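What the coordinates show
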Amino acid sequence: MLDFQLTTAGFFEISGTADALSPGTTYVRPRAAETVRIFIPADGSGIEVYAGTLRNSHLVFRGSREQALTLPWLLPLPN
């Protein structure tokens, strides 16, 4: 369900070097003003949301998937 919501909100899955210490899936939604990056650990322990520039983002949320679904960063952008 979260994958569908993220895709609907304009996020896309990115790939890169897998970190053996914390495997998972990363999604990103780049915008001129702010890039939002989401990391979902493979063990399903929660979700992390980062916001800012692509190279200089900061953690804005760490918690459960259920709580994350209510965050404004995960909502679809207006047209």
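Going by the structure above, here's the rest.
Below is a short write-up of the structure. Source: prediction; values computed, not measured. (Residues numbered from 1 in each chain as written. Predicted model: local features only at pLDDT ≥ 70, side-chain atom pairs only at ≥ 80, totals over all residues. Heavy atoms only, no water.)

A closer look at the packing of aromatic side chains
Taken as a whole, this structure holds 0 aromatic pairs when the rule is applied. It is R37 that lies over the ring of Y50; its NZ or CZ is 4.3 Å from the centre. (Phe/Tyr/Trp six-rings, centres within 6.5 Å; stacked < 30°, edge-to-face > 60°. Lys NZ or Arg CZ within 6 Å of the ring centre and 35° of its normal.)

A word on the pairing of strand 5 (residues 57-63)
One ladder, built from 6 bridges, connects strand 4 (residues 47-52) with strand 5; its direction is antiparallel. For E48, the partnering residue across the bridge sits in strand 5 and is R62. (Pairing = 2+ DSSP bridges. Helix = DSSP H or I, 4+ residues; strand = E, 2+ residues; numbered from the N terminus.)

Description of the pattern of salt bridges
Here the structure, examined in full by the defined rule, presents 1 salt bridge. Across the pair R62 and E48 runs a salt bridge whose closest N-O atoms are separated by 3.3 Å. Of this pair, R62 sits in strand 5 while E48 is found in strand 4, placing the two residues 14 residues apart along the sequence. (Salt bridge = Lys/Arg side-chain N within 4 Å of Asp/Glu carboxyl O.)

Overview of the sheet that holds strand 2 (residues 24-29)
Whenever strands of a sheet pair, they do so through backbone hydrogen bonds, lying parallel or antiparallel. On the basis of which strands lie adjacent, the open sheet formed by 5 strands has the order 1-2-3-4-5 and antiparallel pairing. In this open sheet, the two edge strands, each paired with only one partner strand, are strand 1 (12-14) and strand 5. In this sheet, neighbouring strand axes are inclined to one another by 25 degrees on average, regardless of whether the strands run parallel or antiparallel. (Axes fitted to C-alpha atoms, helices over the stretch in contact; angles between N-to-C directions.)

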